[in-house]
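The residues making up each chain are set out below.
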Amino acid sequence: MLIAITREVSSSIADCELSRIERQPIDLNTARRQHTAYEETLEAFRCLVHHLHEEPDLPDSVFIEDTAVVLDELAVITRPGAESRRAETESAAEALKPFRELYFIEPPALLDGGDVLVTGKNVYVGLSSRTNPEAAAQLREKLKPLGYEVKEVMVAGCLHLKSAVTRVLPETLLVNPQWVDPGVFKGMRIIEVAPQEPMAANALMLPDTVIYTGGFPRTAEKLEAEGACLTPVDLSELRKAEGGVTCCSLVFGR
Ligand code: CIR
């Protein structure tokens, strides 16, 4: 059984941070309905969902991935790059406390969880508009004694590292090579997104499936041809806030 921490879509989501897309109206009811269906999908794949209540004053708080990085040994509580998102970590830390020892990223470091990709003992930290080298240095100092290797990765053209690369099978990454150099992920098999689908690299791997949004048929076909079993979810309303499938949960083993 896995734990999945999620948070209700904020009633102020219309005021979300936006970096790469134009602001469009977001229908709160539709966003909440899609988010509930996402949580039900997690439950259907054996996740115990801990649903945190709404934070009406924190527009981006549904994107709980950015508040923490959960490893087997500890949970790193981030210091989000966007000032408007810093207060999100308080309740995320409370929620994680029963499960893990907590380690807090300190100023001047800035870190969004969406910039951290973990494969075994490799921790890739995307240097983006939200995450700085000081964060990678703090992670390195804390995680090296636990046997992790922290590697900095340049990200260009997208919001987060995990907009550009996610894990889809135990040894396989789905990558947009325009945004991150696939060569840095040594020892991993690489599937590239279809060139017409630059936003297609964000997928959420669970033990029995890969949760994937609709709208990327060519990349989905490639993934299925490589043996990935996909479960589609519709997060089109949250996509208007630049959210994807990984950012709406923190999934970890007990
Ligand atoms: C933001 O700009 O912070 C939010 N509107 C979107 C965050 C998406 N998070 C993620 O991909 N990990």
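Residues numbered from 1 in each chain as written. Predicted model: local features only at pLDDT ≥ 70, side-chain atom pairs only at ≥ 80, totals over all residues. Heavy atoms only, no water.

J.: Is there a simple way to explain the overall build of the protein in this structure?
T.: When you go through the protein residue by residue, the secondary structure sums to six helices and 15 strands. A compact globule built from 254 residues should have a C-alpha radius of gyration of about 18 Å, and the protein, at 17 Å, falls within 12% of that. On the principal axes, the C-alpha backbone points of the protein span a range of 45 × 40 × 35 Å. By the burial criterion, 56% of the 254 residues in the protein qualify as buried. Nonlocal contacts in the protein, meaning residues at least 24 apart in sequence, comprise 68% of its contacts between residues at least 6 apart. When the accessible surface of the protein is summed, it comes to about 11000 Å², and 51% of that surface belongs to carbon and sulfur atoms. (Helix = DSSP H or I, 4+ residues; strand = E, 2+ residues; numbered from the N terminus. Rg over C-alpha atoms; globule rule 2.2 N^0.38 Å. Buried < 20%, exposed > 50% of the residue type's maximum accessible area, 1.4 Å probe, protein only. Contact = heavy atoms within 4.5 Å. Areas by Shrake-Rupley, 256 points an atom, 1.4 Å probe, with all protein chains shown as cover.)

J.: Explanation requested: the site of the ligand in the structure shown.
T.: Taken together, the neighbourhood of the ligand is formed by 13 residues, with D60, E65, R85, R130 and A241 sitting nearest. Backbone polar atom of E17 to a nitrogen atom of the ligand: 2.8 Å apart, as the coordinates give it. Here an oxygen atom of the ligand and a side-chain polar atom of H160 are 3.2 Å apart. Here the ligand loses 97% of its free accessible area of 340 Å² to cover by the protein chains. Looking at the shell around the ligand residue by residue, the classes come out as four nonpolar, two polar and seven charged. (Near = heavy atom within 4 Å. Polar contact = N/O pair within 3.5 Å; in protein donor to acceptor, adjacent residues only side chain to side chain. Nonpolar A, V, L, I, M, F, W, Y, C, P; charged D, E, K, R; others polar.)

J.: Help me understand the packing of aromatic side chains in this model?
T.: Both the distance between ring centres and the angle between the ring planes are used here to describe each pair of aromatic rings. The tally for this structure, following the rule as stated, stands at three aromatic pairs. Ring plane angle 65 degrees and centroid distance 5.4 Å describe the contact between F99 and F252, whose orientation is recorded as edge-to-face. Within this pair, whereas F99 is found in the loop between α2 (88–96) and β5 (101–104), its partner F252 is found in strand β15 (residues 250–253), the two being separated by 153 residues in sequence. Judged by centre distance (4.8 Å) and plane angle (70 degrees), the rings of Y124 and F185 are edge-to-face. Linking Y124 in strand β7 (residues 122–127) with F185 in the loop between β10 (172–175) and β11 (189–192), this pair joins segments that are 61 residues apart in sequence. (Phe/Tyr/Trp six-rings, centres within 6.5 Å; stacked < 30°, edge-to-face > 60°.)

J.: How should I be thinking about the environment of G227 in this particular structure?
T.: Its location among the elements puts G227 in the loop between α5 (217–225) and β14 (230–233). On a C-alpha basis, the gap between G227 and T89 in space is 36 Å, while along the polypeptide they are 138 residues apart.

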